[in-house]
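Residues per chain, in single letters:
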Amino acid sequence: MNNHSHLLHPSHNGAPVILQVDRVSRTYADGSVTALNDVSLEIRRGEYVAIMGPSGSGKSTLLNLLGTLDRPTTGELYFEGHPLSQLRDLDAFRSRKIGFVFQSFYLLPTLTAVENVQIPMFETGATPAQRVKRAYELLEMVSMGHRATHLPAQLSVGERQRVAIARALANDPPLLLADEPTGNLDSRSGNDVLSLFDELHTQRGKTLIVITHSQEVADHAERIIWIRDGGIVHSRAEALKQREAV
Amino acid sequence: MHFLDFVLRNLLRRRVRTALTIVGVSVAIAAVVALLSITNGYELTSKSVYASHGIDMVVVKAGVADRSSSTLDEDLGKRLQELSGISKVSATLRDSVSFEGTSGPVPLNGWPLDSFNFDALNILPPGRDLEPTDKQAVLLGKTLAGNLDKKVGDEVEIEGKNFKVIGIYESGNIIEDRKAIMSLRDLQSLMDRISQVSQFEITLRKDLPDRTATIAVLRQEIENLKDEDGTKVGLAAQASDDFVKSDNQIRLAHAMAWITSAIALIVGSIGMLNTMIVSVLERTQEIGILRAIGWRKMRIMRMILVESFTLSFTGAVLGILLAFVMIQVLARFPAAQGAVHGGITMRVIVMAYLLSILVGLVGGGYPALRGANLPPTEALRYE
């Protein structure tokens, strides 16, 4: 299922574009540092994309922009055709459309698993009872139903990441953004998380964008976007060369 | 899980800091409640001295800053008596003296023996009222007699002269029960203030249709009274409640109470501000995560404000309880006996809650703005 290139997987040829990045640049510190330079790309609904690149290549800047945590200096991002710069309430947009999975899980330490999963639902107007019901369903889905009332500190790292994935799915967003999701996990829990991603992609039609250093993680994706020095590496030869470097 | 549940757990995470902040706020609120209650209580008790005597108006010398230095000719009483609407006029010579065995000055009043002021005193057996034949005789309030450890028949030394305790009275008013009373003649000769009085007390006729209007008219008339040679006597007349309210001591007590309260509240608010700023700084990453997973700025602000309001409101509840205990303890202090009144009025409690809202807003407002405007990317540094 993998072709390890920046090219679109044939099965998504007819799918609508969910996220379009159009000539986006991002500079920091009064314009002297360019983290991302004139990047354009398209991600189609239902795609599973890995973003790879060495440290400092600009991939976290790209993830911040894709996740609307940050705004580009120049250029525009479009979500389902709508320019994001026109959106007045990016927070509300993010809570409905994007689920985040982080390398360090970032669960709130004082809340149990089932309470952590409810956090994003506060913005949706769901009643407390609805929130609890949905949180339990999501925990069941990630096979964590039996650990619902445990605090993060009482869970293994793999379990914590599964709770974090359940939290990312809380408001049923079409797009999941994961930043080194297996970076802090042993290989067995890492594989569990990757099969969960596969399931979300194939059975639930989620669009997944995963940032990773790991070829093993990237192998699960349908397409790999290589980033280097703030830009996308386009040629296959360049990509292969970079793969060796990583 | 409810939103409040979430906020409460944030506070419980830092128990010691939360507890100390609440203590800080509660001490500030307790200071406000205790001081306002004590000064309000003092004002109410002072008013009730006049009310229990049936006094409607008080006349003093115009323009005196300190009322105990007001000096009037006692014959003016007869002219006041002639004004229409007035039922009775009495005079009081006010002074204060120190007794052997008491810490502070004790108010001493001289009344004419026919004064209606005596009607408000309940002389306890075996004592009796002052009579025209009494020489060097004094009545002691119950509290004062207790403080001096004197019984009927004992002698007390006042300004170097010995006075016999003829009676001990109870008025039910803690200010009045700390006084000593003697005949106007005795006090005038004791203080070398022959034919002088400090003030006149007026009771109005019971059948007046509009007492407020009568008081206004009388006030004009009294303040415009003229001597035989046509110059103004220079009197100031006020309804007795206004007279008490405008008393310098009471005004000073209110001002001191408010200044001390304001300082306590500022200190409490700064403590709260400090706690909340540190707590927001510590949670930079957590706030970034909440923002990343979709919480709006408004909800972050609400979270921080609800935290600070929870602290200040809890502080207010504890502060009111603390003030209640403080007042009870103070009221039992021998030195403060009679000066401290044990009640906290609803008005003061409502004010304490309103002030706690202010403390919460001051302590939480800036941290809330700061927390809400933290860029989520600050918290989430990848790689």
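Residues numbered from 1 in each chain as written. Chains lettered and ligands numbered in written order. Predicted model: local features only at pLDDT ≥ 70, side-chain atom pairs only at ≥ 80, totals over all residues.

Chemist: Account for the overall build of chain B, with residues named and values stated.
Modeler: The helix and strand inventory of chain B stands at 12 helices and 12 strands. Over its C-alpha atoms chain B spans a radius of gyration of 29 Å, topping by over 25% the 21 Å that the globule rule assigns to 383 residues. With the C-alpha coordinates of chain B rotated into their principal frame, the extents come out at 100 × 50 × 35 Å. Long-range contacts, defined here as pairs at least 24 residues apart, represent 81% of the contacts in chain B between residues at least 6 apart. (Helix = DSSP H or I, 4+ residues; strand = E, 2+ residues; numbered from the N terminus. Rg over C-alpha atoms; globule rule 2.2 N^0.38 Å. Contact = placed C-beta atoms within 7 Å.)

Chemist: Please set out the overall build of chain A residue by residue, giving values where relevant.
Modeler: A count of helical and extended segments in chain A gives eight helices and 10 strands. The C-alpha radius of gyration of chain A comes to 18 Å, within 12% of the 18 Å expected for a compact globule of 246 residues. Overall, chain A is about 50 × 40 × 40 Å in size when its C-alpha atoms are taken along their principal axes. Here the analysis covers contacts within chain A between residues at least 6 apart in sequence; of these, 72% occur between residues at least 24 apart.

Chemist: Quick rundown of the nonpolar core? Include the residues and the values.
Modeler: Core analysis: the largest hydrophobic core is formed by 110 residues, its most contacted members being Leu139 of chain A together with Ile29, Val32 and Val33 of chain B. Ranked by the residues each element gives to this core, the list is headed by helix H2 (residues 15–52) of chain B, at 13 residues. In contact with Val32 of chain B, not counting residues within four places along its chain, are Ser261, Ala264, Leu265, Ala352 and Leu355 of chain B. Ranked by size, the runner-up nonpolar core spans 45 residues in total, among them Val58, Val197, Leu235 and Phe243 of chain B. (Core = buried A, V, L, I, M, F, W, Y, C linked by C-beta atoms within 7 Å. Buried ≥ 20, exposed ≤ 12 C-beta atoms within 10 Å, placed from the backbone.)

Chemist: Residues and numbers for the environment of Val193 of chain A, please.
Modeler: All names here are of chain A. In this structure, Val193 sits in helix H6 (residues 187–202). Considering only alpha carbons, one finds Val193 and Arg162, 31 residues apart in sequence, at a separation of 6.8 Å. Setting aside residues up to four positions removed in sequence, Val193 forms contacts with Gln161, Arg162, Pro181, Thr182 and Leu185.

Chemist: Any chance you could break down the pairing of strand S4 (residues 74–79) of chain A for me, citing the residues and the numbers?
Modeler: Each regular strand displays side chains that alternate between the two surfaces of the sheet. All names here are of chain A. By the bridge criterion, five bridges tie strand S1 (residues 17–28) to S4 in an arrangement that is antiparallel. The residue of S4 that forms the bridge with Gln20 is Tyr78. Relative to strand S5 (residues 82–83), S4 runs antiparallel, the two sharing two bridges. In the strand pairing of S5, Tyr78 is matched with Pro83. Between the antiparallel neighbours S4 and S5 lie two residues, among them Glu80 with a positive phi of about 50 degrees. (Pairing = 2+ DSSP bridges.)

Chemist: With reference to specific residues and values, describe the sheet that holds S4 of chain A.
Modeler: Here we have four strands laid out as an open sheet, ordered S2-S1-S4-S5 (chain A), and antiparallel in their pairing. This sheet does not close on itself; its edge strands, each paired only once, are strand S2 (33–44) and S5 of chain A.

Chemist: If you had to explain the confidence of the model for chain B to someone new, which residues and values would you point to?
Modeler: This prediction gives chain B a mean pLDDT of 87; 96% of its residues lie at or above 70. For this predicted complex, the interface confidence score (ipTM) comes to 0.85, while the overall pTM stands at 0.79. (pLDDT = per-residue confidence, 0-100.)

Chemist: Can you break down the interface of chain B and chain A residue by residue, with the values?
Modeler: Counting residues at the interface gives 21 residues for chain B and 25 residues for chain A. For the side of chain B that touches chain A, the leading source of residues is helix H9 (residues 284–292) of chain B, giving five residues. Class assignment for the residues of the side of chain B that touches chain A results in 10 nonpolar, three polar and eight charged. (Nonpolar A, V, L, I, M, F, W, Y, C, P; charged D, E, K, R; others polar.)

Chemist: Hey, could you go over helix H8 (residues 248–282) of chain B for me, with residue numbers and the actual values?
Modeler: All names here are of chain B. Here H8 spans 51 Å end to end across 35 residues, near enough to the 51 Å set by a 1.5 Å rise per residue. Turning to H8, its buried residues number three or more, namely Ala257, Ser261, Ala264, Leu265, Gly268, Ser269, Gly271, Met272, Thr275, Met276, Ser279 and Val280. Looking at the buried side of H8, the elements it contacts are H2, helix H10 (297–332) and helix H11 (346–372). (Expected span 1.5 Å × (residues − 1).)

Chemist: Go over the domain arrangement of chain B, please, and point to the residues and values.
Modeler: Under the domain assignment used here, chain B contains domain 1 (3–46 + 250–379) and domain 2 (63–233). Computed over C-alpha atoms only, the centres of domain 1 of chain B and domain 2 of chain B are separated by 46 Å. (Domains from an automatic or database assignment.)

Chemist: Help me get a handle on the sheet that holds strand S10 (residues 231–232) of chain A, residues and values and all.
Modeler: All names here are of chain A. Reading across the sheet, the six strands line up as S6-S7-S8-S3-S9-S10 and stay open at both edges, with mixed pairing between neighbours. Edge positions in the sheet fall to strand S6 (98–101) and S10, since each has one partner strand and no second. Sitting on the sheet, helix H5 (residues 157–168) is in contact with S6 and strand S7 (175–179), with an inclination near 170 degrees to S6. (Axes fitted to C-alpha atoms, helices over the stretch in contact; angles between N-to-C directions.)

Chemist: Residues and numbers for unusual backbone geometry, please.
Modeler: Looking along the chain, the bond that leaves Pro125 of chain B and enters Pro126 of chain B is cis, with omega of 10 degrees. Mapped onto the elements of the fold, Pro126 of chain B is located in the loop between strand S5 (122–124) and strand S6 (137–141). The phi torsion at Thr68 of chain A lies on the positive side, around 60 degrees, for a residue other than glycine. Structurally, the position occupied by Thr68 of chain A is in the loop between helix H1 (59–66) and S4. In this structure, Ser143 of chain A is a non-glycine residue whose phi angle is positive, near 60 degrees.

Chemist: Can you lay out the environment of Gly365 of chain B for me, pointing to particular residues and giving the numbers?
Modeler: Within the fold, Gly365 of chain B resides in helix H11. In sequence terms Gly365 of chain B and Leu305 of chain B are 60 residues apart; their C-alpha atoms lie 6.7 Å from each other.

Chemist: Tell me about helix H6 (residues 211–223) of chain B, and please be specific about residues and values.
Modeler: Residue and element names in this part refer to chain B. Taking 1.5 Å as the rise per residue, H6 with 13 residues should run 18 Å; its terminal C-alpha atoms sit 18 Å apart, in good agreement. For H6, the full list of buried residues reads Ile215, Leu218 and Ile222. In a view along the axis of H6, the buried residues occupy a sector of 70 degrees, so they form one face of it. Facing away from the buried side of H6 by over 90 degrees, the exposed positions are Ala213, Ala216 and Gln220. In the core, the buried residues of H6 are packed alongside strand S1 (57–61), helix H3 (76–82) and strand S12 (235–239). (Arc of directions from axis to C-beta.)

Chemist: Describe the confidence of the model for chain A, with residues and values.
Modeler: Residue and element names in this part refer to chain A. Looking at chain A as a whole, the pLDDT averages 88, with 91% of positions reaching at least 70. Mean pLDDT across the elements of chain A bottoms out in helix H8 (residues 236–245) (62) and peaks in helix H3 (residues 113–118) (96). Below pLDDT 50 for its whole length, residues 1–5 participates in 10 contacts with residues either more than four positions away or in separate chains.

Chemist: So what's going on with the environment of Asp207 of chain B? Which residues, and what values?
Modeler: All names here are of chain B. Mapping Asp207 onto the fold places it in the loop between strand S11 (199–204) and H6. In this structure Asp207 comes out as exposed when scored by C-beta crowding, with 7 C-beta atoms within 10 Å. When the C-alpha positions of Asp207 and Ile344 are compared, they lie 36 Å apart, and in sequence the two are 137 residues distant.

Chemist: Can you lay out the packing of H2 of chain B against H8 of chain B for me, pointing to particular residues and giving the numbers?
Modeler: Residues and elements named next belong to chain B. Viewed as axis vectors pointing N to C, H2 and H8 meet at an angle of 170 degrees, and their least axial separation amounts to 9 Å. It follows from the interaxial angle that H2 and H8 lie roughly antiparallel. The residue makeup of the contact of H2 with H8, split by class, is 14 nonpolar, 10 polar and two charged. (Parallel < 35°, antiparallel > 145°, perpendicular 65-115°, else oblique.)

Chemist: Break down the packing of H2 of chain B against H11 of chain B for me, with residues and values.
Modeler: Packed helices, taken two at a time, are described by the angle their axes make and the gap between the axes. Residue and element names in this part refer to chain B. Contact geometry of H2 with H11 gives a least axis separation of 10 Å together with a crossing angle of 150 degrees. As the angle between them shows, H2 and H11 are arranged roughly antiparallel. In this structure, the crossing between H2 and H11 has a hand that is right-handed. Counting all contacts with H2, which are made through Val25, Ile29, Val32, Val33, Leu36, Ser37 and Asn40, the residues of H11 involved are Val348, Met351, Ala352, Leu355, Ser356 and Val359. (Left-handed = near helix turned anticlockwise from the far one by under 90°.)

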